Amino acid sequence: MLEQTKIVLSNVSFDLGLFRKELIKALKWLQPSEIVALKNWCSENFSGRFDEIASEVLHPQLSL
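Computed from a predicted structure; not experimentally measured.

Draft legend 1. Quick peek at the side chain of E22. Inspection of the secondary structure puts E22 in helix α2 (residues 16–27). A relative accessible area of 18% places E22 in the buried class. Only 3.1 Å separates the side chain of E22 from the side chain of K25, close enough to count as a polar contact. Apart from the residues within four sequence positions on either side, E22 is in contact with V8, L9 and V12.

See the structure below:
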């Protein structure tokens, strides 16, 4: 699921709202270790543009 999530997020990266929606949806399917990997991938690939969205959506999930 992690690789599929990366593909989807790459494809919707043109729209912040859609990116956020897909990121939230993906968190329902991913395992905690995959969420950590996804956070790192988002930071590497979308730093700057999506930092706020990624922080808002991913950080609460990391505390589980």
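Draft legend 2. Quick look at the environment of E52. Position of E52 relative to the elements: it lies in helix α4 (residues 51–62). Taking the C-alpha atoms as reference, E52 lies 19 Å from N11; in sequence the two are 41 residues apart.

Draft legend 3. Summary view of the side chain of T5. Mapped onto the elements of the fold, T5 is located in helix α1 (residues 2–11). In this structure, T5 is in contact with A26, L30 and L38, ignoring residues within four places of it in sequence.

Draft legend 4. Representation of the environment of G17 in the model. Structurally, G17 is set in helix α2. On the basis of relative accessible area, G17 is assigned to the partly exposed category, the value being 48%. Taking C-alpha positions, G17 is 9.1 Å from I53, a pair spaced 36 residues apart along the chain.

Draft legend 5. Structural detail: the nonpolar core. Counting residues in each nonpolar core, the largest one holds 18 residues, and the members touching the most others are L9, F19, L23, L38 and L58. Breaking this core down by element, the ones donating at least two residues are α1, α2, α3 (32–46) and α4. It is α3 that provides the largest number of residues to this core, a total of 5 residues.

Parameters and conventions
Residues numbered from 1 in each chain as written. Predicted model: local features only at pLDDT ≥ 70, side-chain atom pairs only at ≥ 80, totals over all residues. Heavy atoms only, no water. Helix = DSSP H or I, 4+ residues; strand = E, 2+ residues; numbered from the N terminus. Buried < 20%, exposed > 50% of the residue type's maximum accessible area, 1.4 Å probe, protein only. Polar contact = N/O pair within 3.5 Å; in protein donor to acceptor, adjacent residues only side chain to side chain. Contact = heavy atoms within 4.5 Å. Core = buried A, V, L, I, M, F, W, Y, C linked by side-chain atoms within 4.5 Å.

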